[in-house]
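The chain contents come next:
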Amino acid sequence: MRIRVLGCSGGIGAGARTSALLVDDDVLIDAGTGVGDLALSDLRSIRHVFLTHAHLDHIAGLPMLVDTAFDTSFETPVTVYARPETLDALKSHLFNDVIWPDFGRLPSADNPILRYSVCEPGDRISVGQREFHAVDVRHSVPSLGYTVRNSNGAFAISGDTKSNQTLWPVLNACEQLKLLVIEVSFPDELQQLASEAGHYCPSTLARDLARLRQDPVIWLTGMKPGEEGRIFEQVVRLVPERQVHMLSRGTVLSV
Ligand SMILES: [Zn+2]
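Rules used throughout
- Residues numbered from 1 in each chain as written.
- Predicted model: local features only at pLDDT ≥ 70, side-chain atom pairs only at ≥ 80, totals over all residues.
- Heavy atoms only, no water.
- Buried < 20%, exposed > 50% of the residue type's maximum accessible area, 1.4 Å probe, protein only.
- Helix = DSSP H or I, 4+ residues; strand = E, 2+ residues; numbered from the N terminus.
- Salt bridge = Lys/Arg side-chain N within 4 Å of Asp/Glu carboxyl O.
- Donors = N, O, S within 2.8 Å, 3.2 Å for Na, K, Ca; no water.
- Tetrahedral: all angles 85-135°; square planar, octahedral: opposite > 155°, others 65-115°.
- Axes fitted to C-alpha atoms, helices over the stretch in contact; angles between N-to-C directions.
- Left-handed = near helix turned anticlockwise from the far one by under 90°.
- Contact = heavy atoms within 4.5 Å.
- Pairing = 2+ DSSP bridges.
- 1 Å grid on protein atoms, 1.4 Å probe; cavity = no way out; pocket = protein on both sides within 12 Å on 5 of 7 lines; lining within 4 Å.
- Points joined across faces, edges and corners; volume = space filled by probe spheres on them.
- Nonpolar A, V, L, I, M, F, W, Y, C, P; charged D, E, K, R; others polar.

Enquirer: I would appreciate a short explanation of helix α7 (residues 202-209) in the present structure.
Expert: Quick reminder: α-helices carry 3.6 residues per turn. Residues three or four places apart thus point the same way. In terms of burial, α7 is largely enclosed, as seven of its eight residues are buried. Residues of α7 that are buried include every one of P202, S203, T204, L205, A206, D208 and L209, and no others.

Right under this line is the structure:
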C-alpha cells in the first residue's frame, strides 16, 4: 500500500496544500486543495473518497475532482464515504446546483457519477485488498479517523480531533500498526484556541499518546502554516521516546 501525501497543511499559502492522502492510485482520504496538483490521468483514477469531516480544508478539491472524473460514458462512479452529517452538508451546501452542479444526479439520476455512502464509526469498508475502518474522533463537527489495513499491516489517520476517548483504544487493538498520521494544529501557546476549535496541541497530544501501547512511526499533520517548526519541537520534547516526523507535501509512505 502506497500513501502519497498531496496536502497536509492547516492552511494555504507559500506552497502549502490542505489535507489529502492518495492511497495507491484509486482512493483518497480527504480531498483538500492538494488534489489540484495531480495529473489529469491521476485524478481520473480516483474512484473512492473517504472524508474525515465536512470542513472546507478537507473537501475543497472534491467538486472539481468529480467534475474532472465526469464522463457521460463513465464505467465506475466516484463514491464518497462519510458520516451522514458530512454527506448532508455536501448535498446541501456544495453539490446543490448553486455552488456546483449536483453530480449526484448527473449524467442521470439513475446512474450518477457521484455516489454517497454512509460510513459510521465502527464500519469496515473493503476497497480491493484494503480495509478502511472508521473511528469516532472529537472535533467541532461530526468527524472520523480511519485505520487502513492490507496484508502487510495498517496505518491510521486521525482526521481533525482534540483529546478523545475513542481513537486510542482502536489504535491499541490495531495489529501491526506501522504508521500514525495525527493532527496537531496549534502550538502549546494556543492551547485554549486549539481546544475550542477541536484540535490537538502538543501537550494534549502527548497526554493521549501516553495511552498508546504501540510504537508506530508518528507523522504530524494539519499544522497551521508558519507554526510547523515550533509545534514539531514541542511534540519531540514532550515524547522523546516516540519516532516523530513532520509530514510534508510529497512525502510517500508505504505499508
Ligand atoms: Zn476541521
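Enquirer: Got a minute to help me understand the pattern of salt bridges in this structure?
Expert: If the charged atoms of two oppositely charged side chains come close together, the side chains can form a pair. Scanning the model with the defined rule gives 11 salt bridges in all. Residues R130 and D26 are paired through a salt bridge, measuring 2.8 Å at the closest nitrogen-oxygen approach. Of this pair, R130 sits in strand β8 (residues 130-136) while D26 is found in the loop between β2 (20-23) and β3 (27-29), placing the two residues 104 residues apart along the sequence. In this structure R130 comes out as buried when scored by relative accessible area, which is 8%. With its nearest N and O atoms 2.8 Å apart, the salt bridge here joins D136 to R83. Placement of D136 in strand β8 and of R83 in the loop between β5 (78-82) and α4 (84-93) is noted, with a sequence separation of 53 residues between them.

Enquirer: When you look at the coordination of the zinc ion in this model, what are you seeing that I'm missing?
Expert: Ideal geometry at a metal centre: 109.5 degrees between donors when four sit tetrahedrally, and 90 or 180 degrees when six sit octahedrally. Coordination of the zinc ion by the protein comes from H53 (NE2), H55 (ND1), H139 (NE2) and D160 (OD), over a distance range of 2.2 to 2.4 Å. One can describe the site at the zinc ion as irregular: its four donor atoms subtend angles covering 91 to 169° at the metal. Between the donor residues of the zinc ion, the gaps in sequence give the motif H-x1-H-x83-H-x20-D. One end of the pair, H55, is in the loop between β4 (48-50) and α2 (56-59); the other, H139, is in the loop between β8 and β9 (144-150), and 84 residues separate them in sequence. Judged by its relative accessible area of 26%, H55 falls in the partly exposed class.

Enquirer: Whenever I open this one, the packing of α7 against helix α8 (residues 228-238) confuses me. Can you help?
Expert: Each packed pair of helices is defined by two parameters, the angle between the axes and the distance between the axes. Running from amino to carboxyl end, α7 crosses α8 at an angle of 35°, the nearest separation of the two axes being 9 Å. For the element pair α7 and α8, the recorded crossing hand is right-handed. The segment α7 lies against α8, with P202, S203 and A206 engaging I231, Q234, V235 and L238.

Enquirer: Where do I start with the sheet that holds strand β14 (residues 252-254) in this structure?
Expert: What links the strands of a sheet is backbone hydrogen bonding, and the strands pair in either a parallel or an antiparallel sense. Strand order in the open sheet made by the seven strands is β6-β5-β4-β3-β2-β1-β14, with mixed pairing throughout. Looking along the sheet, the strands with just one partner apiece sit at the ends: β6 (114-118) and β14. Neighbour-to-neighbour, the strand axes of this sheet turn through a mean angle of 25°, independent of strand direction. Bridge count for strand β1 (residues 2-7) against β2 is four bridges, and the pairing is antiparallel. If you follow R4 over to β2, its bridge partner there is L22. Across the sheet, α4 lies against β5 and β6, angled at about 155° from β6, the strand it touches most.

Enquirer: Can you walk me through the layout of surface pockets in this structure?
Expert: Over the atoms, a rolled probe matching the size of one water molecule traces out where space is still vacant. In this structure, the largest pocket encloses a volume near 160 Å³. Lining the largest pocket we find 15 residues, and of these C8, S9, E228, L247 and S248 sit closest to its centre. The residue makeup of the lining of the largest pocket, split by class, is six nonpolar, six polar and three charged.

Enquirer: Just checking my understanding: could you explain helix α3 (residues 62-69) for this structure?
Expert: Judged by how many residues are buried, α3 sits mostly within the fold: six of eight residues are covered. Residues of α3 that are buried include every one of L62, P63, L65, V66, T68 and A69, and no others.

Enquirer: Looking at this structure, I do not really get empty space enclosed by the protein. What am I missing?
Expert: For the structure on display, the rule yields one cavity of 30 Å³ or more. Quantified by volume, the largest cavity comes out at close to 180 Å³. Lining the largest cavity are 22 residues, and of these S19, H58, D160, T221 and G222 lie nearest its centre. Among the elements of the structure, β2, α2 and β11 (177-183) are those that each provide at least two residues to the lining of the largest cavity. Its residues assigned to classes, the lining of the largest cavity comprises six nonpolar, 11 polar and five charged.

Enquirer: Which parts of the structure should I look at to understand the sheet that holds β8?
Expert: Here we have seven strands laid out as an open sheet, ordered β7-β8-β9-β10-β11-β12-β13, and mixed in their pairing. The sheet is open, and its two edges are formed by β7 (124-127) and β13 (244-246), each paired on a single side. Here the strands of the sheet are splayed against their neighbours by 20° on average, with no regard to which way each runs. Pairing analysis gives three bridges linking strand β12 (residues 217-221) to β13, with the strands arranged parallel. Bridging from a neighbouring strand, W219 pairs with H245 of β13. Where α8 meets the sheet, its contacts fall on β12 and β13, and the angle it forms with β13 comes to roughly 175°.

Take it as geometry only, folks, not as evidence of what the structure does.
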